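Descriptive structure summary
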Amino acid sequence: MDQNRAPPPPPTYNEAVPGGVQAQPQPVTVQPAVTVISAGIRYTQVPVSQECPHCHNTIVTTVTYENGTVTYLAAGIVCLVGCWMGCCLIPFCIDACKDAVHCCPNCNIVLGKYSQM
Ligand SMILES: [Zn+2]
């Protein structure tokens, strides 16, 4: 049974890549917006001025806050110290405890995320 199988071509490795990079299967996640992670920009909790890689305008990012690991951690800690009568919800009202998501005000693309962890 000769299936006339040609041997696969030898894989070409880029010598600049140390150790070789394996393509890892990524879980398919449905995202509401396209995320463009801008390299080299450190996002914090405050808006930053940058050129949007999507619409190429110089913009100041709009920051939205969403509950992150620290938010729940802080709530847990508040609970542990005895303030469980609603006080544990305080971290959910404090932006400093949340993750900051930076978006472009022009095209609404998500540019990056600042996480407390
Ligand atoms: Zn943009």
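Identification of the protein as Lipopolysaccharide-induced tumor necrosis factor-alpha factor homolog from Saccoglossus kowalevskii is taken from an unreviewed UniProt entry. Database annotation for the protein, UniProt heading Sequence similarities (unreviewed entry): "Belongs to the CDIP1/LITAF family."

Overview of the overall build of the protein
Of regular secondary structure, the protein possesses 1 helix and 5 strands. Scanning the protein from its N terminus toward the C terminus, one meets helices and strands in the order β-β-β-α-β-β. Within the protein, contacts between residues at least 6 apart in sequence are counted, and of these 55% link residues at least 24 apart. Total accessible area on the protein stands at roughly 9,100 Å², and carbon and sulfur atoms take up 59% of it.

Remarks on the coordination of the zinc ion
Taken together, the protein ligands of the zinc ion are C52 (SG), C55 (SG), C104 (SG) and C107 (SG), with distances of 2.2 to 2.3 Å. Angles of 102 to 119° at the metal separate the 4 donor atoms of the zinc ion, which places the site in the tetrahedral class. Exposure remark for C55: the relative accessible area of 24% places this residue in the partly exposed category. With relative accessibility at 0%, the residue C104 sits in the buried group.

Details of the pairing of strand β4 (residues 99-103)
Buried residues dominate β4, accounting for 5 of its 5 residues. Side chains D99, V101 and C103 of β4 all project onto a buried face; the interleaved residues A100 and H102 project onto the opposite face, where all are buried too. Pairing between β4 and strand β5 (residues 110-114): 4 bridges, direction antiparallel. Residue H102 lies in a different strand from β5, and its bridge partner there is G112. Hairpin remark: β4 followed by β5, antiparallel, with 6 residues in the connecting loop; positive phi at N108, about 60°.

Regarding the side chain of K98
Mapped onto the fold, K98 is located in the loop between α1 (69-80) and β4. Within the buried set, K98 has no salt-bridge partner at all; the shortest N-O distance to an opposite charge, 4.4 Å, is to D95. A distance of 2.7 Å separates the side chain of K98 from the backbone oxygen of F92, its partner in a polar contact. Beyond its immediate chain neighbours, meaning those up to four positions away, K98 contacts Q45, Y65, E66, N67, T71, P91, F92, C93 and Q116.

Things to note about the nonpolar core
Y43, V48, C52, I59, C104, I109 and L111 together form the largest nonpolar core, which totals 7 residues. Excluding anything up to four places from it in sequence, I59 contacts V48, S49, Q50, C52, C104, P105, N106 and L111.

What to know about the sheet that holds β5
An order of β3-β4-β5 is seen for the 3 strands of this open sheet, with the pairing classed as antiparallel. This sheet does not close on itself; its edge strands, each paired only once, are β3 (62-66) and β5. In this sheet, neighbouring strand axes are inclined to one another by 25° on average, regardless of whether the strands run parallel or antiparallel. For β3 and β4, the ladder comprises 5 bridges, and the chain directions are antiparallel. Looking at the pairing, T64 lines up with V101 of β4.

Criteria and cut-off values
- Residues numbered from 1 in each chain as written.
- Predicted model: local features only at pLDDT ≥ 70, side-chain atom pairs only at ≥ 80, totals over all residues.
- Heavy atoms only, no water.
- UniProt positions renumbered as here; feature names shortened; annotations may be inferred.
- Helix = DSSP H or I, 4+ residues; strand = E, 2+ residues; numbered from the N terminus.
- Contact = heavy atoms within 4.5 Å.
- Areas by Shrake-Rupley, 256 points an atom, 1.4 Å probe, with all protein chains shown as cover.
- Donors = N, O, S within 2.8 Å, 3.2 Å for Na, K, Ca; no water.
- Tetrahedral: all angles 85-135°; square planar, octahedral: opposite > 155°, others 65-115°.
- Buried < 20%, exposed > 50% of the residue type's maximum accessible area, 1.4 Å probe, protein only.
- Pairing = 2+ DSSP bridges.
- Lys, Arg positive; Asp, Glu negative; His and termini not counted.
- Salt bridge = Lys/Arg side-chain N within 4 Å of Asp/Glu carboxyl O.
- Polar contact = N/O pair within 3.5 Å; in protein donor to acceptor, adjacent residues only side chain to side chain.
- Core = buried A, V, L, I, M, F, W, Y, C linked by side-chain atoms within 4.5 Å.
- Axes fitted to C-alpha atoms, helices over the stretch in contact; angles between N-to-C directions.

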